[in-house]
Every structure is written in C-alpha cells, then in structure tokens.
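Topology and contacts: notes
As a plain string of letters, each chain reads:
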Amino acid sequence: MVREQRSTRMRLALSIVLTFAIVAVFVVRLVDIQLVRAEALNAASLDKRSVPMTSYGVRGDIVDANGVVLADSVDRYDITASPRLLLSGSNTTGSEMTVLDKLKLIAEETGQDPNDLMLALTADPESDFAYLAKGVTVDVFRAVRDLDIGGVFFELRPSRTYPLGAVGGNLVGFIGTDGPQAGVEFKENDCLASTNGTSTYERGADGVRIPGSTVTTTEVKNGGTIRLTIDSDLQWFAQQQLAQKAQALGADWATAIVVRVSDGHLMAVADYPSVDPNNVNGVPTTALGSLAFSTPFEPGSTFKAMTVASLLDAGVISPSTQVVAPGRYVFPNGDYIKDAWAHDDLRLTTAGILMNSSNTGISVISERLDAESRRNYLLKFGLNERTAVGFAGESGGSVPETRNWDQITNFAVQFGQGVTATAAQVASIYQTLGNDGVRQPLTLVEGCQWPDGTVTSLPPTEGVRAVSERAATQTVEMLETVTTQGGLRSILSMPGYRVAAKTGTAEVAENGRYTSDRIVSVAGLAPAEDPQYAVVVTFGKPDTIKTSAAAAPTFATIMTQVLKTFRVTPSTEAAPAIPVTW
Amino acid sequence: MSASLAHAPRPAAAHENRHPHIEIVTSREQRRARPRYVYALVGVAGLFAIFLAQLLLSIGVSDGAYAIAKLQAQEKELARTGQALTEQLDTLGSPQNLAMNAESLGMVSNATPVYLRLSDGAVLGAAAAARGSAGAMGGASLVPNDLLEGVPLVTAAAGEPEPLGVASTEATDGSVASTTGSPAPTTPPGMLPAPVTR
C-alpha cells in the first residue's frame with residue numbers, strides 16, 4: 001500500500017519534471033529565435049520575398065527665360081547580358097538559334113557590330129554580367145526587349161540631353177561621368193541635383209507586389225528647375241551670326257553679349273567656338289566654358305566711353321569741352337601715344353574725341369583728373385572683380401595699382417590698354433551707361449524653382465551708382481555721333497532706331513610686347529534716347545580684317561534682332577546734332 | 001486527489017444492489033439554462049461568414065494588387081512614350097532645325113520691322129523690303145546640335161527646296177521625276193496661300 005503510493009508520487013514528480021523540462025526547452029528555443037537571432041532571421045526571411053527598389057530622382061531641368069528646355073533629364077537604358085546563360089544556350093525562344101544569331105538581332109536594333117557584342121560576351125564566358133550596349137533610347141530598349149532573348153537584361157540609366165545642342169551650351173555646361181563639369185550644371189548643382197529613393201516591397205510567387213508591403217527607406221527627391229535669363233532664340237541667332245563672321249574673319253575666338261539695361265539680365269551670351277553639350281569631344285577643351293566670362297583681354301577703345309563718363313562725373317570736362325588732340329602725345333623721355341591714323345593737331349570736342357576714338361584726345365582730357373580717382377572710377381564700373389554672375393571659371397580681369405602705372409599706362413588704361421577685362425565686364429560698363437549710371441549686378445540665373453513651387457537662389461538686385469545720371473546720359477548722347485557721323489555709320493546705323501555705339505581695336509600683347517594681332521569689338525546701346533539693351537560683340541585675333549569694321553556688321557545684325565525680338569518701339573525723334581570739332 | 005478517489009468507490013460498490021433506482025431530475029431552471037441548438041448554429045454560421053468575408057476580402061485585395069501592377073506597368077510604358085516624344089519635340093523645335101527648315105522653304109527674315117501703334121494708328125519704324133540674302137543661316141547651321149544628326153529637312157522628301165512646303169509634298173507624291181523646275185500645281189509660285197482670318 002505504502003509502496004504503491006510512493007511509486008505514484010514518483011511517476012507524478014517525473015512527469016512534472018519532464019513537462020517543465022520540455023517547456024524549458026521550448027522557451028529557450030523561443031527566446032533564441034524571437035529575440036537572440038530575430039534580426040538575422042527576419043532579414044533572411046525578408047530576402048526570400050522582398051525586392052529592393054531604387055526610384056531615381058529626376059535632375060532638374062535648365063530652362064531659358066521663356067521656359068524652353070535647354071537641359072533635360074531623360075531615361076536611357078543599358079543592355080546587359082549574362083555570358084554564362086547566353087553561351088550555354090539556355091533560352092526561352094527557339095533553342096536552335098545560335099548565340100551569334102541572337103546578337104545579330106540585338107545589333108540590328110542598337111546599330112552595333114555583332115562581332116563586337118560577341119567579343120564582349122566571350123571576354124569572360126563564365127561571368128554573369130557583361131555590357132552589350134550603354135545608354136540606348138527607349139525605342140531601342142523596347143525593340144530589344146521585344147526580342148525576348150533569355151539572358152539579356154536591362155538597367156535604367158538616367159541621362160541628360162540638351163535639346164537645343166550648342167545653343168547656350170557654353171552657359172549650360174554639361175555632365176561628365178563624374179558629375180557636372182561646367183557652366184550652370186556645375187554652378188547650380190545644389191539646386192539641380194536629385195536624391196535617389198530606396199524602398200523595398202514584398203512580392204508573391206508570381207512576382208506581383210503584395211499590397212501594403214512597401215517600406216521606403218529613403219524618400220526620392222527631385223531636383224529644382226533652373227531658369228536662366230537667356231532668350232534661347234536670340235542666343236541661337238547671336239551664336240549663328242558670330243560663328244559666320246568669325247569663320248569669315250579667321251578669328252580665333254569671338255563673343256557676343258546682350259544685356260537688358262534696366263536690370264542687368266543677360267539675354268544672350270554667345271561664344272565662338274562653343275560646345276555642344278551632347279558631344280563634348282567635338283570642340284577643343286578651351287571652348288568648354290564661356291569665353292565671355294573666362295577670358296580677360298585688353299579691350300581697347302570701348303573703354304573710352306567709361307573714361308568720358310568718369311571725367312564728366314568728376315566735373316572736369318563737359319560734352320563741348322574744346323581740346324586740341326595732337327598727332328602724337330609725346331612724353332618728356334620721348335615715348336609717345338598716337339592715334340590709329342596719322343593726323344596733325346585736331347580741334348575736337350569731347351564728343352569728337354569719342355567719335356574719332358582719339359587716344360591723344362583721351363590722354364589730354366585725362367590729365368585733368370588724378371590717377372587714383374580715375375582708377376576708382378574703373379573699379380566703380382565693376383572692373384578688377386568678377387561679375388555677380390560668378391560663372392564657373394570666371395575671371396575678374398585686372399586693373400593694376402596706380403603705383404605700378406608708368407607714364408604711358410597712366411593714360412593707356414583710359415583707352416583700354418594695360419588693363420584687362422572680360423567681355424562680360426565690358427557689357428556691364430555699357431549697361432551702367434545705359435541705366436543712367438547705375439550698375440546692376442549682371443544676372444544669368446533668374447532662380448531655382450523647386451517641385452513644390454518655392455523659388456530660391458534669387459539673384460541680387462541692388463545696383464551701384466558709378467557715375468551721375470547726367471554724366472551717363474551725356475556720354476550716351478555723344479556715343480550716338482559714332483553711328484551718325486563716324487566712319488562706320490553706314491554699317492552701324494539702323495533704320496528706324498537711334499543707336500549709340502563705340503568701336504574698339506585693341507592691340508594684343510604677347511610676352512610683354514604688342515603684336516600685330518588685334519581684338520576688335522563694338523559695344524553699344526539702343527535706342528539711344530532711352531537705352532534698353534546693350535550689345536557687345538568681340539572678335540579675337542581676326543586674320544582678314546584687323547579693325548573694328550570687322551565687328552560692326554555683326555553688332556548691327558544682332559542689335560537689330562534684339563530690337564525685333566523684344567519689340568522695342570522705333571525712335572520717333574532724330575538724333576541731336578552734337579558738334580564734334582571747333 | 002487521486003488518493004481520495006481511490007478510497008471512495010469501495011463503500012459505494014458495497015451498497016449498490018440494495019438501493020432503489022434514483023435519478024436526478026433536472027429542474028426547469030437548469031433546462032432553461034442549457035444552450036440551444038439555434039445559438040450554436042448561429043455562432044458557427046457567423047464564424048463561417050467571417051471566414052468567407054475574409055476570404056473574399058483577401059481575394060479582392062490580391063485582385064487589386066494585380067490590377068495595380070498592371071496599371072503601374074502601363075503607366076511606366078506611357079511615361080516612357082511621353083518622354084521619348086517630348087524629347088523628339090524639343091529637338092525638332094530647336095532654333096537650328098526651325099531656321100534651316102524655314103530657309104529651305106524659301107523664307108527670309110526682315111531686319112527692319114515696322115510697327116503699327118493701335119492707339120493712334122501711327123506707323124513706327126522705317127519700312128524696307130526683306131532682302132533675299134537676309135536669311136540668318138547663310139546656308140549652313142554653325143551652331144551644332146548632335147541630336148539633329150540624321151533628322152531630314154521637311155523639304156528633303158521633295159528632292160529639292162520648293163517655295164511652298166505644303167504644296168510640294170502633294171506635288172511630288174505621284175510624279176517624282178517630272179517635278180524638276182515645274183512649280184507646284186496647286187499654288188502659283190511666289191504666292192502664299194491666304195491665311196484664314198476672322
């Protein structure tokens with residue numbers, strides 16, 4: 001009886017212990033799976049069902065002032081293949097086709113040589129990855145996809161195209177394999193750049209996404225749109241005209257700039273040669289940027305307008321000041337300044353000095369103001385510093401300190417020798433003269449518009465007064481004599497409009513000596529009675545004609561187009577008669 | 001507990017045969033408290049209904065998933081088509097292409113515009129006829145565009161530049177060989193078709 005009871009207890013205890021032991025094993029296993037190895041197991045299980053996905057953010061467009069697309073983000077496709085799969089002959093379509101047959105079909109669509117494709121495949125036959133074609137268009141991608149060849153795959157490759165080609169290519173810049181390389185693409189990358197999004201979703205056995213399973217780890221962010229101040233049609237016109245003339249003249253380079261006088265917005269900045277961003281290798285590397293911003297040169301006589309405005313502002317001359325311009329302005333040590341043409345003493349007014357572009361005349365009136373004050377005026381016109389555009393690779397030119405001016409330089413800077421400026425700075429000078437003496441910051445980018453509608457990167461609008469309104473107006477009036485009475489009046493005058501212009505023929509210094517090379521330019525404003533647009537046309541080192549007569553026709557053509565494009569009302573009154581001699 | 005169970009049956013077994021048959025009759029309350037079949041049926045049916053609804057719902061959801069996948073694929077394809085067409089349009093709309101085509105159609109630009117001021121009817125500007133050589137291109141586009149390579153001019157189909165592009169395609173459709181020198185039959189040379197105005 002007692003033994004029976006004991007054995008019952010023993011069995012009871014044993015079963016309890018066993019039960020607890022089994023529960024303990026389960027608990028340990030549970031903790032191990034659910035807590036200790038939870039993450040690894042979760043990840044492993046997710047890998048079996050989940051698909052990682054990259055959603056590509058779209059890089060922002062670059063558009064002109066009217067919204068015409070200059071730089072556009074497009075989808076291109078890389079065609080890849082698994083050499084192992086292809087060469088082993090396992091495929092979905094007819095197995096009797098040889099590998100070369102399939103490659104021929106692909107090559108037909110992509111325009112490649114099937115043998116090249118074969119080489120790409122056989123380079124590493126055991127590999128699972130080889131490029132067949134890179135960056136093909138949607139049409140080619142679809143055609144190859146529809147061939148339905150096993151072992152051939154496709155990858156999205158977001159790319160950039162420039163629908164207008166070289167129109168504004170110098171400004172827009174381009175994107176290399178390492179990202180943006182030049183121009184606005186480079187400078188405004190913070191606005192344009194996009195962020196790719198990453199997310200995962202789970203899919204069923206047949207590849208269909210399981211609803212509600214998408215997990216986004218990085219939000220996709222599209223870039224903003226950069227709006228330029230450029231008018232693409234005018235830009236094209238300027239580039240076309242510039243290239244025609246530059247080729248006829250045999251010029252090494254050329255630039256043409258159109259500025260809206262009232263706010264300093266650049267309507268066109270044409271360079272020759274200029275890059276087609278779709279084919280960057282088509283031009284020498286020196287032409288990849290914008291010469292108008294990057295290349296300082298001694299501008300020559302176009303500076304005389306600024307000199308006259310400065311002296312008028314200082315009150316040392318007036319438009320009718322009577323000057324004797326000698327044939328040679330001789331210094332005590334025998335050095336001299338002379339004019340482009342030989343002449344005896346000329347009795348010129350200030351207007352006459354500008355019209356005849358007399359270096360000796362400018363020297364005579366420059367005597368009336370000290371060097372430091374004259375240099376300060378040059379700085380007020382924006383010289384010796386980069387323009388507000390801040391273009392990639394921009395130069396600010398140089399105006400040496402007055403203590404480094406020798407007796408010739410002392411006057412030569414007043415007619416644009418011994419100082420350097422970029423074409424953009426020269427344009428800025430004429431903008432200032434046309435805008436009643438207030439220099440507006442040159443502007444190329446109107447702003448960055450984000451997908452949510454906000455606009456950032458707004459350009460500065462604060463102007464700087466360089467000279468008085470009176471000085472600027474009088475200077476423009478005097479510049480009009482160049483187109484009404486000057487030697488190039490037949491070319492520079494435009495029917496229906498009053499134009500103020502100044503020519504420049506600058507000597508090019510090389511290794512410290514002036515050579516026979518010239519940089520010829522014409523800068524001007526129209527309409528003269530109320531200037532609205534400034535145009536500067538420059539040709540570097542022309543071969544056939546080495547005077548400013550070379551630049552005048554292009555200036556007139558571009559200015560005419562500007563007035564037409566922006567519907568500028570023709571002038572109603574004739575130009576005032578300003579005496580140029582006495 | 002099992003020990004007490006072991007003790008209990010013994011006296012009961014001893015007196016079993018002597019006692020008369022006694023049965024406990026359930027009281028009315030007890031009978032009322034007992035669950036009815038109806039309730040069980042309702043419960044089970046409800047459960048099945050829930051299962052069925054869930055099944056149908058998940059069928060609906062996965063049907064939706066297929067519809068979504070299909071529409072997304074369609075959207076992707078349409079976006080691709082749209083983008084390719086926009087790209088083509090932008091390229092064809094480039095100034096180089098337009099100017100070349102305009103010139104090949106015999107158009108020239110007039111450098112001296114004249115304006116009519118509506119307020120007083122005044123004519124502003126100096127009128128001058130456009131010169132034949134006033135075309136901006138001068139025969140060749142000097143502003144390269146790699147994307148335009150292989151894009152034919154609108155007049156290319158006509159064999160040679162005709163003054164009127166609209167007529168030229170009609171003219172050359174049937175008689176490619178005989179068009180040399182002969183003007184398009186529908187419109188006399190040098191005349192533009194009258195625009196439709198209202």
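Residues numbered from 1 in each chain as written. Chains lettered and ligands numbered in written order. Predicted model: local features only at pLDDT ≥ 70, side-chain atom pairs only at ≥ 80, totals over all residues.

1. Section: the overall build of chain B
- If you tally the helices and strands in chain B, you get 6 helices and 2 strands.
- Contacts in chain B between residues far apart in sequence, at least 24 positions, make up 44% of those at least 6 positions apart. (Helix = DSSP H or I, 4+ residues; strand = E, 2+ residues; numbered from the N terminus. Contact = placed C-beta atoms within 7 Å.)

2. Observations regarding the overall build of chain A
- For chain A, the count of helices and strands is 20 helices and 23 strands.
- For chain A, the C-alpha radius of gyration of 36 Å lies well beyond 25 Å, the compact-globule estimate for 582 residues.
- Structurally, chain A occupies a C-alpha span of about 150 × 70 × 50 Å along its principal axes.
- The proportion of buried residues among the 582 residues of chain A is 48%.
- In chain A, of all internal contacts separated by at least 6 residues, the share reaching a separation of at least 24 is 73%. (Rg over C-alpha atoms; globule rule 2.2 N^0.38 Å. Buried ≥ 20, exposed ≤ 12 C-beta atoms within 10 Å, placed from the backbone.)

3. What to know about the confidence of the model for chain B
All names here are of chain B.
- Overall, the prediction assigns chain B a mean pLDDT of 72, with 64% of residues at 70 or greater.
- Across chain B, helix α4 (residues 37–92) holds the top mean pLDDT of 91, while helix α6 (residues 165–174) sits lowest at 38.
- Taken as a whole, residues 1–6 scores under 50 in pLDDT and shows 0 contacts with residues more than four places along the chain or in a different chain.
- Counted against residues more than four places away or in other chains, residues 160–189, with its pLDDT under 50, gives 35 contacts.
- Both scores are given for the predicted complex: the pTM is 0.80, the ipTM 0.78. (pLDDT = per-residue confidence, 0-100.)

4. Brief notes about the nonpolar core
Residue and element names in this part refer to chain A.
- Among the nonpolar cores identified, the biggest contains 137 residues, and Ile 257, Val 258, Ala 268 and Phe 555 are the most heavily contacted of them.
- At 8 residues, the largest contribution of residues to this core is made by helix α10 (residues 232–249).
- Setting aside residues no more than four positions away along its own chain, Val 258 makes contact with Leu 234, Ala 238, Met 267, Ala 268, Tyr 533, Val 535, Ile 558 and Val 562. (Core = buried A, V, L, I, M, F, W, Y, C linked by C-beta atoms within 7 Å.)

5. Topic: the sheet that holds strand β1 (residues 50–55) of chain A
Residue and element names in this part refer to chain A.
- Spatially, 3 strands are ordered β1-β8-β9 in an open sheet, and the strand pairing comes out antiparallel. Looking at which strands have only one partner, the edges of the open sheet turn out to be β1 and β9 (215–218). Along the sheet, successive strands turn relative to each other by an average axial angle of 25°, direction set aside.
- By the bridge criterion, 6 bridges tie β1 to strand β8 (residues 197–202) in an arrangement that is antiparallel. (Pairing = 2+ DSSP bridges. Axes fitted to C-alpha atoms, helices over the stretch in contact; angles between N-to-C directions.)

6. Thoughts on helix α20 (residues 552–565) of chain A
Residues and elements named next belong to chain A.
- The terminal C-alpha atoms of α20 lie 20 Å apart, and with 14 residues this matches the ideal 20 Å at 1.5 Å per residue to within 8%.
- Those residues of α20 that fall on the buried side of the exposure criterion are Ala 552, Thr 554, Phe 555, Ala 556, Thr 557, Ile 558, Met 559, Thr 560, Gln 561, Val 562 and Leu 563.
- Residues of α20 that are buried sit in contact with α10, β11 (253–260), α19 (489–492), β21 (500–510), β22 (513–526) and β23 (533–540).
- Just past α20, the residue Arg 567 takes up positive phi, approximately 50°. (Expected span 1.5 Å × (residues − 1).)

7. Looking at the sheet that holds β22(A)
Residues and elements named next belong to chain A.
- Ordered in space as β12-β11-β23-β22-β21, the 5 strands form an open sheet in which the pairing is antiparallel. In the strand order of this sheet, the two ends are held by β12 (266–272) and β21, each with one partner. Each neighbouring strand pair of the sheet contributes to a mean axis angle of 10°, computed without reference to strand direction.
- The pairing of β21 with β22 spans 10 bridges and is antiparallel. Looking at β22, one finds that Thr 505 is bridged to Val 520.

8. So, the packing of helix α4 (residues 99–110) of chain A against helix α5 (residues 114–122) of chain A
All names here are of chain A.
- Viewed as axis vectors pointing N to C, α4 and α5 meet at an angle of 120°, and their least axial separation amounts to 8 Å. Taken together, α4 and α5 sit at an angle that is classed as oblique. In this structure, α4 meets α5 at a crossing whose hand is right-handed. Contact residues: α4 offers Leu 100, Leu 103, Lys 104, Ile 106 and Ala 107, while α5 offers Pro 114, Leu 117 and Met 118. (Parallel < 35°, antiparallel > 145°, perpendicular 65-115°, else oblique. Left-handed = near helix turned anticlockwise from the far one by under 90°.)

9. Quick notes on the interface of chain B and chain A
- With 32 residues of chain B at the contact, the number on the chain A side is 35 residues.
- In terms of residue count, α4(B) provides more of the side of chain B that touches chain A than any other element does, 11 residues in total.
- Among the residues making up the side of chain B that touches chain A, the classes are represented as 19 nonpolar, 9 polar and 4 charged. (Nonpolar A, V, L, I, M, F, W, Y, C, P; charged D, E, K, R; others polar.)

10. Let's talk about the environment of Gly396(A)
- The topology assignment puts Gly396(A) in the loop between α15 (371–380) and α16 (407–412).
- Sequence-distant contacts of Gly396(A), defined by excluding residues within four places in its chain, comprise Asn384(A), Glu385(A) and Arg386(A).

11. A few points about unusual backbone geometry
Residues and elements named next belong to chain A.
- Of note, the bond from Tyr 272 into Pro 273 is cis; its omega dihedral lies within 30 degrees of zero at -5°.
- Here Pro 273 shows up in the loop between β12 and α11 (291–294).
- The omega torsion across Ala 526 and Pro 527 is -15°, close enough to zero to call that bond cis.
- Structurally, Pro 527 can be placed in the loop between β22 and β23.
- Located in the positive-phi region is Asp 436, a residue other than glycine, with phi close to 55°.
- Judged by the 19 C-beta atoms lying within 10 Å of it, Asp 436 falls in the partly exposed class.
- The phi dihedral of Asn 511 falls on the positive side, at around 55°, and the residue is not glycine.
- Here Asn 511 lies in the loop between β21 and β22.
- C-beta crowding within 10 Å serves as the criterion here: with 5 such atoms nearby, Asn 511 is assigned to the exposed category.

12. Remarks on the packing of α10(A) against α20(A)
Residues and elements named next belong to chain A.
- Look at α10 against α20: their axes get within 10 Å of each other, and the N-to-C directions meet at 165°. The pairing of α10 with α20 is recorded here as roughly antiparallel in orientation. Note on packing geometry: the crossing formed by α10 with α20 is right-handed. Counting all contacts with α10, which are made through Asp 233, Leu 234, Phe 237, Ala 238, Gln 241, Leu 242 and Lys 245, the residues of α20 involved are Pro 553, Thr 554, Thr 557, Ile 558, Gln 561, Val 562 and Thr 565.

13. Description of the environment of Val143(B)
Residue and element names in this part refer to chain B.
- Position of Val 143 relative to the elements: it lies in the loop between β2 (123–124) and α6.
- What makes Val 143 buried here is the crowd of 28 C-beta atoms within 10 Å.
- In this structure the C-alpha to C-alpha distance between Val 143 and Arg 28, which are 115 residues apart in sequence, comes to 107 Å.

14. Observations regarding the environment of Lys70(B)
- Secondary-structure assignment places Lys70(B) in helix α4.
- As for Lys70(B) and Thr155(B), which are separated by 85 residues in sequence, their C-alpha atoms are 43 Å apart.

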